[in-house]
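Understanding the architecture of this molecule
What follows is the residue order along each chain.
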Amino acid sequence: MLQIKNLKKHFEDYLATDDISFEAKEGEFVTLLGPSGCGKTTLLKMIGGFHKPDSGEIWINNERVDHLRPENRSTAMCFQSYALFPHLSVSHNICFGLAQKKLAANLQKDYLAEALLQVGLVPHKDKLPSQLSGGQQQRVALARAMVMRPDVILFDEPLSNLDAKLRESVRFEIKSLQKKHKLTTVYVTHDQAEALAMSDKIIVLNAGRIEQEGSPESIYYRPKNRFVADFIGAANIHKAKVTKLEQAHHYQVSCELGDLIVESEEPPVSDYVYICWRPESAYRAQGEVENTFNIKVENLAFLGNVTDLFGRTLAMNDGESVRIQLDKLLHTQVGKSESFVIPKNAIRFLEEVDE
Amino acid sequence: MKLWLLLLPGLGSIVFLMGSALYTIMIQSVGLHTELGASLDYWSDTLSDPILFRSIEYSLRTSVLGSLGAVILAYPIAMWLRKPIPGKTAIIGLLRAPMFVPGLVAAFLLINVISFHGILNESLLALGVIDKPLRITNDKFGWSVVMLQVWKNTPFALILLSSSINSIRSDVLDASADLGASAWANFSQVVFPLTIPALQAALILIFIGALGDFAFASIAGSRNVYSLSVLMHYTATAYYEWEKAAVIGLVIMVLSGLSAILITLMTRPFANRTRPVISASFLERSHEK
Amino acid sequence: MKNNNKLILIISLSFFALVNFIWLVVPFFMAVLWSLVDPSHPWSFPDIFPRVLSFNRWIEVWQTTSLPEAMFNSYSLAPAVALLTVTLAAPTAYAFGRLEFRGKQVAELITLLPMVMPTMILAIFFSSLLLDLGFSEPYFSIVVAHTVLALPYAIRIMSAGFKAVPQDVIDACADMGASRITTFRHAFLPMLKPSILASLIFCLVISIEEFNMSYVLGAPDFITVPTILYSFLGYSFVRPDAAVVSLFLVIPNVILMLVIERLLKGNYLSQSTGKA
């Protein structure tokens, strides 16, 4: 189990992480997600022991470790660059950590054999890293970290140097090995698809602070603010004036799209807030239905599984841009006006408009 | 194309002068230029001379110690320079300073320091470490020459090793710490193997330079044993035995070549580790388990 | 922990300062001190410090020894060597820097030979060759010998300079219809200037401090600063005189090397050996 308490770190003049706390339970897969420069790698490196926090505490299995050097922490890291030892064969790379632990030779061999079989590197066991492809190198890095049976395993954007196809297969591999060995995992990425697919818990970071923390579903469907809504998936965001309705959990909002009904268990933080909805939650209006709105089609892109539509609201002053994704082919043309519906439970309240 | 025209002035001059000197040395070592004609007598004469072997021993000893000393000193400094240090440029400048000092001046500086009434002896006397001055200039073993070689060549070793150490990705060193390597394990199992090519270059270049050294040996070296270059010089210019001198020259070159090969062979095994840890059959067995 | 790091840094820095003090400052201080010993008040045991310090020794050495002649020789050799070397090196450096051809690596290796070949061997057998040819003009033979010693460095530094000129700048020049000479002046020259200058200075330094060749080829009459220092260190050992000549040799050297450092921003060694 990993506990991070009030971790602070600044470099020269900028704050890398500002008072961050979170927890990763035994066997939990936690992803630190955020744009570059949000402090996620710094955070990971503090857990690994490569950076010293200015203040705060790091606990692994109820032992405080933030004063320990990397070699004395039970963490193992998969580096973005893989950081394989270029002069050691695959086998020696994997055994490096075991040898440092002074593990008996026959145990080392058993561990090595298991690791090689698991990541499918048996035919390459005596090759140097330079003789391997990127995906194979990634697997060596994975095996080298996994074989240590660390209390916490750390991943620093491990897939960013792989091409798209390979990325998916290695993603599954990491996830299944993680599940199998019940490894407590902290995974850093800027790729929201990766985060959604793999994590038990996502922590969205921005400018050294936690924006939101939760399961992939809750992060996606219940973003707390514009940053999270916009960073994970695509989102349409509007300013809205809110009025409470009689019916429980029902509100009326008036925004660029007109007057809409919102059903939300969480009440808005004020009566003037941002609202958001996902492009794929809207559908084409047939007949007079609640929450219908009109837009002028500005751009259409057929992407195969979906059709991406960019439109503009019909308001006086140029209107706002709206994005809609439809899973059916849409017979319309640029310049035409079309009506769509947003289900009332697909609209989320975000933070207060602050003007 | 006109490629050869481009190469001629630079490469041509080098090849021409080196070639003619090599030609002369070869011809003279077998006496082809004399009226007597070719003969291996000069070889057998020179090679049976115990003075030559004393010189070989002396030169090899000072070169081995000199090149090893320079490299051993350079490693920790290069490791230290990887860290962020205030005023690093100035420090590097100071470290390089001995390279800019001509060899003769270096020899003079050292003699000054270690002479009978030099500052070293005086300080040791003042500190009560010794009670009469040590005679360490022109010692028989060649320590003063070794010291000079180390002094003059450490910056060179440092430049080669430093750039090699600095080119190791910090991720790789982080990974080794992450996997539990102590500072020493990190150096001996990661840094050292990764710097073998630079180490080879440094050792070979310093060693060959030291093996052919004339100035240090003739100023600070032993008065009884000559270094190979000094011996060759005396043989040629004091006794006019050009043929014997040619043999000695060739001996120096052969020794240089051999030591370069030896250094390469001795250090190569440290560079990579690809010896199989487990066999295919072991893997099969563990697969069945 | 933070303070701990700072402490380690301070300790290592002061250790460095101490070692450097012994390694560099003390030897040079002693040399300077010896050169300032007044000729009429010799510094001898048990004096810890010279009784009188003056520049008289410098004046005396200059007036009574053949140092002026040696200086004249050294400083007339060096520019000739520098010019000749850079002229000879330029075409070869161009070929190494900008052309691809078969056997390039071998050719590059051969240019490094003078760096590894013991100069005493070269000196003795070059002189023997000249003797056989009946040629005895020390100035000229030393210029040739120094040039060969300096060529590897000049070729290395300048081929790195040629390599650094971006192809698109050359293409752009040619594209705008510039003649070859204009292309050279506008595309190559500005980028090459530092490496040409550095090569020139490097050659000066090599020639000024070179001893073996000058000693063997110049013997017995033609003296340079290093050979006169050698004689002061050897059979006519006068410590204060040697100190003065040492400083005469080392001071211009250090200044010139500092200039090179500036020009090549500290990369000259990696450029000149290609190993780093």
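Computed from a predicted structure; not experimentally measured. (Residues numbered from 1 in each chain as written. Chains lettered and ligands numbered in written order. Predicted model: local features only at pLDDT ≥ 70, side-chain atom pairs only at ≥ 80, totals over all residues. Heavy atoms only, no water.)

**Considering the overall build of chain C**
- Across its full length, chain C holds 12 helices and 0 strands.
- Reading the secondary structure of chain C in the N-to-C direction produces α-α-α-α-α-α-α-α-α-α-α-α.
- Over its C-alpha trace chain C gives a radius of gyration of 23 Å, far above what one expects of a compact globule, namely 19 Å for 276 residues.
- For chain C, restricting intrachain contacts to residue pairs at least 6 apart in sequence, the fraction spanning at least 24 positions comes to 71%.
- Per element, the accessible surface of chain C, about 13400 Å² overall, is 67% carbon and sulfur. (Helix = DSSP H or I, 4+ residues; strand = E, 2+ residues; numbered from the N terminus. Rg over C-alpha atoms; globule rule 2.2 N^0.38 Å. Contact = heavy atoms within 4.5 Å. Areas by Shrake-Rupley, 256 points an atom, 1.4 Å probe, with all protein chains shown as cover.)

**Quick look at a nonpolar patch on the surface**
- A cluster of nonpolar side chains, C:Leu18, C:Phe21, C:Ile22, C:Val25, C:Phe29, C:Phe49 and C:Leu53, forms an exposed patch at the surface whose accessible area comes to about 690 Å².
- Along the chain, the position of C:Leu18 falls in helix α1 (residues 2-35). (Patch = residues over 30% accessible without salt bridge, like charges linked within 9 Å, V, L, I, M, F, W, Y side chains within 5 Å. Salt bridge = Lys/Arg side-chain N within 4 Å of Asp/Glu carboxyl O.)

**Topic: the pattern of salt bridges**
All names here are of chain A.
- The tally for this structure, following the rule as stated, stands at 19 salt bridges over all chains.
- Glu338 is the salt-bridge partner of Arg284, the closest N and O atoms lying 2.7 Å from each other. With Arg284 in strand β15 (residues 283-284) and Glu338 in strand β19 (residues 337-341), this residue pair connects regions lying 54 residues apart in the sequence.
- By relative accessible area, Arg284 is classed as partly exposed at 33%.
- Exposure remark for Glu338: the relative accessible area of 7% places this residue in the buried category.
- Across the salt bridge formed by Glu298 and Arg312, the nearest N and O atoms sit 3.0 Å from each other. Taken together, the positions of Glu298 in strand β16 (residues 292-302) and Arg312 in strand β17 (residues 307-313) put the pair 14 residues apart, joining distant regions of the chain.
- With a relative accessible area of 37%, Glu298 lands in the partly exposed category.
- Relative accessible area serves as the criterion here: at 27%, Arg312 is assigned to the partly exposed category.
- Taken together, the shared-partner salt bridges in this structure form one network comprising Glu57, Arg64 and Asp66. (Buried < 20%, exposed > 50% of the residue type's maximum accessible area, 1.4 Å probe, protein only.)

**Thoughts on unusual backbone geometry**
- Here C:Ala219 and C:Pro220 are connected by a cis peptide whose omega angle stands at 0°.
- Residue placement: C:Pro220 occurs in the loop between α9 (212-218) and α10 (225-233).
- Positive phi, normally seen in glycine, also occurs at A:Asn6, with a value near 50°.
- Backbone geometry places A:Glu157, a non-glycine residue, at a positive phi of 40°.
- Assignment of secondary structure puts A:Glu157 in the loop between β7 (152-156) and α5 (164-180).
- Relative accessible area serves as the criterion here: at 9%, A:Glu157 is assigned to the buried category.

**Section: the interface of chain B and chain C**
- With 68 residues of chain B at the contact, the number on the chain C side is 70 residues.
- Here chain B meets chain C over a buried area of about 6200 Å², counting both sides, of which 82% is carbon and sulfur.
- For the pair chain B and chain C, the interface holds 0 salt bridges.
- Counting the contacts that link chain B with chain C gives 12 residue pairs in polar contact (both at pLDDT 80 or more). (Buried area = accessible area lost by both parts, 1.4 Å probe. Polar contact = N/O pair within 3.5 Å; in protein donor to acceptor, adjacent residues only side chain to side chain.)

**As for helix α9 (residues 183-194) of chain B**
- Here α9(B) is 12 residues long and its end C-alpha atoms lie 15 Å apart, about the 16 Å a rise of 1.5 Å per residue gives.
- For α9(B), the full list of buried residues reads B:Ala185, B:Asn186, B:Phe187, B:Val190, B:Val191, B:Pro193 and B:Leu194.
- Close packing links the buried residues of α9(B) with α2 (90-100) of chain A together with α3 (50-82), α7 (143-166), α8 (170-178) and α10 (196-211) of chain B. (Expected span 1.5 Å × (residues − 1).)

**Quick word on the pairing of β19(A)**
All names here are of chain A.
- In this sheet, β19 lies alongside β15 in antiparallel orientation, the contact comprising 2 bridges. Considered in β19, the bridge of Tyr283 is made with Val341.
- Bridge analysis of β16 against β19 gives 5 bridges, and the strand direction is antiparallel. Considered in β19, the bridge of Thr292 is made with Val341. (Pairing = 2+ DSSP bridges.)

**Section: the sheet that holds strand β5 (residues 63-64) of chain A**
Residues and elements named next belong to chain A.
- Read across the sheet, 4 strands follow the order β2-β1-β4-β5 without closing on themselves; strand pairing throughout is antiparallel. A single partner strand is all that each edge strand has here, and the edge strands are β2 (14-24) and β5.
- Pairing between strand β1 (residues 2-11) and β2: 7 bridges, direction antiparallel. Within β2, the position partnered with Phe11 by the bridge is Tyr14.

**Some points on the interface of chain A and chain B**
- Counting residues at the interface gives 35 residues for chain A, matched by 32 residues for chain B.
- Approximately 2900 Å² of surface area, both sides summed, lies buried where chain A meets chain B, with 64% of it carried by carbon and sulfur atoms.
- Counting every contact that joins chain A to chain B gives 1 salt bridge.
- Across the salt bridge formed by B:Asp171 and A:Lys45, the nearest N and O atoms sit 4.0 Å from each other.
- Between chain A and chain B we count 10 residue pairs in polar contact (both at pLDDT 80 or more) in total.
- For the side of chain A that touches chain B, the secondary-structure elements that each account for two or more residues are α1 (40-48), β6 (75-78), α2 and α3 (105-119) of chain A.
- For the side of chain A that touches chain B, the residue count by class is 19 nonpolar, 9 polar and 7 charged. (Nonpolar A, V, L, I, M, F, W, Y, C, P; charged D, E, K, R; others polar.)

**As for the side chain of B:Asp178**
- Structurally, B:Asp178 is set in helix α8.
- Within the buried core, B:Asp178 has no salt-bridge partner, and the shortest N-O distance to an opposite charge, that of A:Arg144, equals 7.0 Å.
- For B:Asp178, the side chain forms a polar contact with the side chain of A:Thr75, separated by 3.4 Å.
- With near-sequence residues (within four places) excluded, B:Asp178 lies in contact with A:Gly48, A:Phe50, A:Pro70, A:Thr75, A:Ala76 and A:Met77. (Lys, Arg positive; Asp, Glu negative; His and termini not counted.)

**Description of the domain arrangement of chain A**
Residues and elements named next belong to chain A.
- Domain boundaries assigned for chain A yield domain 1 (2-226) and domain 2 (234-352).
- A C-alpha centroid distance of 39 Å is found between domain 1 and domain 2.
- The interface of domain 1 with domain 2 comprises 8 residues on the first partner and 10 residues on the second.
- With both sides pooled, the region where domain 1 packs onto domain 2 buries about 810 Å², and carbon together with sulfur makes up 49% of that total. (Domains from an automatic or database assignment.)

**Focus: the packing of aromatic side chains**
- Tallying each qualifying case throughout the model produces 31 aromatic pairs over all chains.
- With centroids separated by 5.0 Å and ring planes inclined at 90°, the aromatic side chains of A:Tyr220 and A:Tyr221 adopt a geometry described as edge-to-face.
- Classification of A:Tyr221 as exposed rests on a relative accessible area of 52%.
- Plain terms: the ring middles of B:Tyr75 and B:Phe192 are 5.9 Å apart, the flat faces sit at 50° to each other, and that makes the pair tilted. Here B:Phe192 lies in helix α9 and B:Tyr75 lies in helix α3, a separation of 117 residues in the sequence.
- Here the aromatic residues B:Tyr75, B:Trp184, B:Phe187, B:Phe192 and B:Phe270 are joined through ring pairs into a cluster of three or more.
- Note that A:Arg144 overlies the ring of A:Phe85, its terminal NZ or CZ placed 4.9 Å from the centroid.
- Across from the ring centre of A:Tyr272, 4.2 Å away, lies the NZ or CZ of A:Lys241, which sits over that ring. (Phe/Tyr/Trp six-rings, centres within 6.5 Å; stacked < 30°, edge-to-face > 60°. Lys NZ or Arg CZ within 6 Å of the ring centre and 35° of its normal.)

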